[in-house]
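Here's the letter readout for the chains.
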Amino acid sequence: MAEIFLQNAWYCAGWDYEIHQGRKAIVARKIAGERVVLYRKPDGGVIAFEDRCPHRQAALSHGRKEGDGLRCMYHGLKFNSAGVCEEIPGQTTIPAGTCVRAFPVVEKDNWVWVWMGDPAKADPGLICFAVGPDDPNWNIRTSQMHVETNYRREIENLADLSHIAWVHPQTVGGDRKYSEMKSHYEITPRGLNTRCWVRSVAPTGAVAHLFPEGAKLDICLDIQHTVPCNWIMRFRAFTAGTATVGESSGQMVVDTWTCQAVTPCDDDSVDYYYSWGASKETEFPGLSDLLGSTLDEAFEEDRIMLEAQHQRRKERPDLKLLNIANDAGPVKMLWVLDKLLEEERATASLPMSAHERQA
Ligand code: FES
Ligand SMILES: [Fe+2]
C-alpha cells in the first residue's frame, strides 16, 4: 500500500548553498511523493513550485530562471514568483487560473524548508531546532546522501542507537555497551526527545587512534527527533568519571552537534541532509573535519543495511516482526507520526474512496 505522508509539516529540501544565484541552480526534488523545483530569486528569496508545468507536465526544473520567475522550456510558458502564468507564447490571452502550485518556503539554520500542506497552516515555529554551519559558536560540516529505503526504516534506525554497537564498529560505535544503554524518553507534540548516558566506553573506531591505549569515555546523547524524520543530537564526550547517574565527573573532551534531516522522497527513497561538528571551545585542529567525514562513512554503513532491509520488508510485508527491548524508541516515534497522520486524515475533507462510496 502506498505510503501516506504528513501534509502539514515542514520538509527539508536541502542545504541553502545548493540553491544559489547561478543560472543553472534550479534544483529538482521529490518530497513526500510530490515533484518540487526550487530556485533563488535575485533578491535572495527561495521559491518552490510543483515541478510540473500545467500545460503538458514538462519538468519546470528543466526550465530557465527569468528575473523573479521561471519559464518552462518546452513551449515557453512563463510563471511569476507566485506561480501565476504571465505569458503564453503564440497567444495574447491567458486562461484564468493558469498557474503552478507554489509551496511556502523558509530558510533556517542553512536548511531550506518546504511546507507541503495547507499554506494557511505553514507556521515557521514548527520548524525543528538545529545548529547550522553559519552558527558562529560551532564548526559544523555538512553533507547529504540519497538512500533507497522507506523513511520509516530511517526513523527506526535513528530512534534506536543500539545499532551503533554492530553497524558502526569502525566509525561511530563498536562498544556493545551501546546495546545496553538505558534511555530516558519524553514524547513531544511532534516527536520524541531521548537522553542517555553510556559510561566508560572505548573511544569509537574513527577516533580511537587519538587516545591512549585503554582510554575510556563517558558519552552523553541528547536527541530531539521530530516528524517527518528530523534528528538533532548534542553529543558530548568526557574522560570516564566515577558518577553513575547524571553528569559525568570526568573532563569534557568534545561538545558537538549533529543535525540530520531525512526527507522522504516517495515510498522507496529518502534524501538525507546531515552535519556534524564540534564547539569552537572544544575544537582541536582537524576535529570537525574528522567528524564530518566519519559521518559520511557511517551513513554509508547505514545505507547498505537499510537498503537491503527495505528490499526484504517489501518482499514479505506479511511477516510478523519480533519485538525486542531496544525497539522502545522506534515504537514511540512511529506512534507519534501515526497519531499525527491519523489526526490529519480525520480532519482533511478527503474524497471518499470507491470502497467507502459503496458501503
Ligand atoms: S509543457 Fe510547459 S510550456 Fe508546454
Ligand atoms: Fe547508524
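Residues numbered from 1 in each chain as written. Chains lettered and ligands numbered in written order. Predicted model: local features only at pLDDT ≥ 70, side-chain atom pairs only at ≥ 80, totals over all residues.

**As for the overall build of the chain**
(1) Moving on: A count of helices and strands for the chain gives six helices and 18 strands.
(2) Moving on: Referenced to the eigenvectors of the C-alpha coordinate spread, the extents of the chain come out at roughly 80 × 55 × 35 Å.
(3) Moving on: Looking at the 359 residues of the chain, the share that counts as buried comes to 38%.
(4) Moving on: Expressed as a percentage of contacts within the chain between residues at least 6 apart in sequence, the contacts between residues at least 24 apart total 56%. (Helix = DSSP H or I, 4+ residues; strand = E, 2+ residues; numbered from the N terminus. Buried ≥ 20, exposed ≤ 12 C-beta atoms within 10 Å, placed from the backbone. Contact = placed C-beta atoms within 7 Å.)

**Re the sheet that holds strand E11 (residues 111-115)**
(1) Moving on: One open sheet holds the three strands; their spatial order is E1-E11-E10, and the pairing between them is antiparallel. Of all the strands in the sheet, the pair left with one neighbour each is strand E1 (10-15) and strand E10 (105-108). Going from strand to strand, the sheet's axes swing by 30° on average, the running direction of each strand aside. (Pairing = 2+ DSSP bridges. Axes fitted to C-alpha atoms, helices over the stretch in contact; angles between N-to-C directions.)

**Some words on the environment of Gln 144**
(1) Moving on: You can see Gln 144 is positioned in strand E12 (residues 138-147).
(2) Moving on: According to the C-beta neighbour criterion, Gln 144 is partly exposed, with 17 such atoms within 10 Å.
(3) Moving on: The spatial distance from the C-alpha of Gln 144 to the C-alpha of Ser 275 is 8.3 Å, given a sequence separation of 131 residues.
(4) Moving on: Those residues in contact with Gln 144 that sit more than four places away from it in its chain are Gly 14, Trp 15, Asp 271, Tyr 272, Tyr 273 and Tyr 274.

**Focus on the packing of helix H1 (residues 151-158) against helix H4 (residues 287-315)**
(1) Moving on: Running from N to C, H1 and H4 cross one another at 130°; their axes reach a closest spacing of 10 Å. If you check the angle between H1 and H4, you find them oblique. Relative to H4, the crossing made by H1 is right-handed. Along the contact surface, H1 presents Arg 153, Glu 154 and Asn 157, while H4 presents Asp 302, Leu 306, Gln 309 and His 310.
(2) Moving on: Taken together, the residues of the contact of H1 with H4 break down into one nonpolar, three polar and three charged. (Parallel < 35°, antiparallel > 145°, perpendicular 65-115°, else oblique. Left-handed = near helix turned anticlockwise from the far one by under 90°. Nonpolar A, V, L, I, M, F, W, Y, C, P; charged D, E, K, R; others polar.)

**A short note on the domain arrangement of the chain**
(1) Moving on: When its domains are assigned, the chain resolves into domain 1 (10-126) and domain 2 (138-341).
(2) Moving on: The C-alpha centroid of domain 2 is placed 33 Å from the C-alpha centroid of domain 1.
(3) Moving on: Each partner contributes residues to the interface: domain 1 has ten residues there, and domain 2 has eleven residues.
(4) Moving on: Secondary structure elements with two or more residues in the side of domain 1 that touches domain 2: E1 and strand E2 (27-31).
(5) Moving on: Classifying every residue of the side of domain 1 that touches domain 2 gives six nonpolar, two polar and two charged. (Domains from an automatic or database assignment.)

**Quick word on the nonpolar core**
Side chains of a nonpolar character, in soluble globular proteins, are inclined to be buried together.
(1) Moving on: Grouped together as the largest cluster of nonpolar side chains are 85 residues, with contacts concentrated most on Tyr 11, Ala 13, Leu 38, Trp 113 and Val 114.
(2) Moving on: Looking at which element gives the most residues to this core, the answer is strand E17 (residues 252-266), with seven residues.
(3) Moving on: Looking at which domains feed residues into this core, each of domain 1 (10-126) and domain 2 (138-341) gives three or more. (Core = buried A, V, L, I, M, F, W, Y, C linked by C-beta atoms within 7 Å.)

**Comments concerning the sheet that holds strand E13 (residues 184-188)**
Sheets are built from strands paired through backbone hydrogen bonds, the pairs being either parallel or antiparallel.
(1) Moving on: One open sheet holds the seven strands; their spatial order is E12-E18-E17-E16-E15-E14-E13, and the pairing between them is antiparallel. The sheet is open, and its two borders are formed by E12 and E13, each paired with just one other strand. This sheet shows a mean twist of 15° between the axes of neighbouring strands, independent of strand direction.
(2) Moving on: Relative to strand E16 (residues 230-239), strand E15 (residues 217-226) runs antiparallel, the two being bridged by ten bridges.

**Quick notes on the packing of H1 against helix H5 (residues 328-347)**
Think of two packed helices as two axes; the pair is described by the angle between the axes and how far apart they sit.
(1) Moving on: One way to put it is that H1 packs onto H5 with a least axis distance of 8 Å and a crossing angle of 135°. As judged from the angle between their axes, H1 and H5 are oblique. Here the hand of the crossing between H1 and H5 comes out right-handed. In contact with Arg 152, Ile 155 and Glu 156 of H1, H5 contributes Pro 330, Met 333, Leu 334 and Leu 337.
(2) Moving on: Its residues assigned to classes, the contact of H1 with H5 shows five nonpolar, no polar and two charged.

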